[in-house]
Amino acid sequence: SVKGLIFDLDGVLVDTAKYHFMAWKRLAKEHGVDLNDGYAEPLKGISRKDALEILLDLTGISMSGVEKLRALDKKNSWYLEYIMDIDESAVFEGVLEFLDLVKSLGYKTAIGSTSDNSSLILECTGLTRFFDVIIDGYKVTKPKPDPEVYLVGAKELQLDPSECVVFEDAVAGVNSAKTARMKVIGVSRTGSLEGADKVITTFSGLDEKILDF
Ligand code: G6P
Ligand code: MG
């Protein structure tokens, strides 16, 4: 049975995926390329380095090794600039209520994100207190879709992967969780996410029945 819930952060609990994309857009713009919204999905939920490689592939922009390092730094400082004033209002609707509910029911909870900025975001949005374990970019070496982040999450919760359910908004994260042999609840405003066992469009009004598989 389900004993632990592992949540991706960006795009699942907090509305930050848009800031990651804004920073990628700004980088492309510096190279004379306008990124339309179609680029949001392929750049989502993967590591900063992998996202840069995909951006270069898709746009045909080329960079030397040194330029790539500078671009990664720039992207992150712009991202930090965008999230500078982030607070409770960035938490998606219904998230606090759902976290309160599952904690009161005794589920163990973890964050499973490969972002180096996870702790900062959790602190600024007041979410830290809901989690027993926080797995972020500093704790794992292999980015999603590798299962490492979710396997380490289960391990630190002292649970078997089969006892964990993952909440994800990106295909790379769904694949990471599936490879870790966990059930996945997709969080998608459009109502579909490839590979997820179930999909929700919002946490609003959600209760523990969603955890029945
Ligand atoms: C999350 C986000 C990605 C981001 C990655 C690395 O997975 O969904 O968009 O690229 O974290 O985040 P960082 O903040 O370290 O660049
Ligand atoms: Mg995400």
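Please read these numbers as outputs of a predicted model, since none were measured by experiment.

Draft legend 1. How the structure looks around the nonpolar core. Formed by 55 residues in total, the largest nonpolar core has its most connected members in Phe7, Ile111, Tyr150, Val166 and Met182. With 5 residues, the top contributor of residues to this core is helix α1 (residues 17–30).

Draft legend 2. Representation of the sheet that holds strand β1 (residues 4–7). Taken in spatial order, the 6 strands make up an open sheet running β3-β2-β1-β4-β5-β6, and their pairing is parallel. The two strands at the open ends of the sheet, each matched to only one other strand, are β3 (133–135) and β6 (198–200). Going from strand to strand, the sheet's axes swing by 25° on average, the running direction of each strand aside. Sheet topology places strand β2 (residues 108–112) next to β3; 3 bridges connect them, and they run parallel. Looking across to β3, one finds that Gly112 is bridged to Ile135.

Draft legend 3. Here's a closer look at the packing of helix α3 (residues 48–59) against helix α4 (residues 65–82). Interaxial distance between α3 and α4 falls to 10 Å at its minimum, and their mutual angle equals 115°. In terms of orientation, α3 and α4 fall into the roughly perpendicular class. Our pair here, α3 against α4, has a crossing hand that is right-handed. Here α3 contributes Arg48, Lys49 and Leu52 to the contact with α4, which in turn contributes Lys68, Ala71, Leu72, Lys75 and Asn76.

Draft legend 4. Layout of the pairing of strand β4 (residues 164–168). Of all the 5 residues making up β4, 5 are buried; the element is thus mostly covered by neighbouring parts of the structure. Residues of β4 alternate between two faces, with Cys164, Val166 and Glu168 on one and Val165 and Phe167 on the opposite face, all of them buried. Bridge count for β1 against β4 is 4 bridges, and the pairing is parallel. Counterpart to Leu5 in the pairing with β4 is Val165. Bridge count between β4 and strand β5 (residues 183–187): 4 bridges; the pairing is parallel. If you follow Glu168 over to β5, its bridge partner there is Gly186. Crossover β4 to β5 through helix α8 (residues 171–179) is right-handed.

Draft legend 5. Representation of the UniProt feature "binding site: Mg(2+)" (unreviewed entry) in the protein chain within the structure. Sites flagged by UniProt as "binding site: Mg(2+)" (unreviewed entry) map to Asp8, Asp10, Glu168 and Asp169. A maximum C-alpha distance of 9.0 Å is found for the annotated residues, which run over 162 residues; spatially they form one tight group. Here Asp8 shows up in the loop between β1 and α1. You can call Asp8 buried: it has 30 C-beta atoms within 10 Å. Non-local contacts of Asp8, meaning those with residues more than four positions away in its chain, are made with Gly112, Ser113, Phe167, Glu168, Asp169 and Gly173. With respect to the secondary-structure elements, Asp10 resides in the loop between β1 and α1. Using a count of 23 C-beta atoms within 10 Å as the deciding quantity, one classes Asp10 as buried.

Draft legend 6. Local environment of the site of ligand 1. Near ligand 1, the surroundings consist of 17 residues, among which Asp10, His20, Arg48, Ser115 and Asp116 are the closest. A per-class count over the shell around ligand 1 returns 3 nonpolar, 10 polar and 4 charged.

Draft legend 7. Structural view of helix α5 (residues 95–104). Of all the residues in α5, the buried ones are Val95, Phe98, Leu99 and Val102. Down the axis, α5 shows its buried residues gathered within 100° of arc, on one side only. Away from its buried face by more than 90 degrees, α5 exposes Asp100 and Ser104. Residues of α5 that are buried make contact with β1 and β2. Following α5 by one or two positions, Gly106 adopts a phi angle in the positive range, close to 90°.

Draft legend 8. Looking closely at unusual backbone geometry. Lys144 connects to Pro145 through a cis peptide bond whose omega is 15°. If you check the backbone angles, Gln158 has positive phi at about 60° while not being a glycine. On the secondary structure map, Gln158 appears in the loop between α7 (148–156) and β4. On the basis of neighbour counts, which here come to 12 C-beta atoms within 10 Å, the residue Gln158 falls in the exposed class. One non-glycine residue, Arg181, adopts positive backbone phi at about 65°. Its location among the elements puts Arg181 in the loop between α8 and β5.

Definitions and limits used
- Residues numbered from 1 in each chain as written.
- Chains lettered and ligands numbered in written order.
- Predicted model: local features only at pLDDT ≥ 70, side-chain atom pairs only at ≥ 80, totals over all residues.
- Core = buried A, V, L, I, M, F, W, Y, C linked by C-beta atoms within 7 Å.
- Buried ≥ 20, exposed ≤ 12 C-beta atoms within 10 Å, placed from the backbone.
- Helix = DSSP H or I, 4+ residues; strand = E, 2+ residues; numbered from the N terminus.
- Pairing = 2+ DSSP bridges.
- Axes fitted to C-alpha atoms, helices over the stretch in contact; angles between N-to-C directions.
- Parallel < 35°, antiparallel > 145°, perpendicular 65-115°, else oblique.
- Left-handed = near helix turned anticlockwise from the far one by under 90°.
- Contact = placed C-beta atoms within 7 Å.
- Right-handed = clockwise from strand over helix to strand, strands pointing away.
- UniProt positions renumbered as here; feature names shortened; annotations may be inferred.
- Near = placed C-beta within 6 Å.
- Nonpolar A, V, L, I, M, F, W, Y, C, P; charged D, E, K, R; others polar.
- Arc of directions from axis to C-beta.

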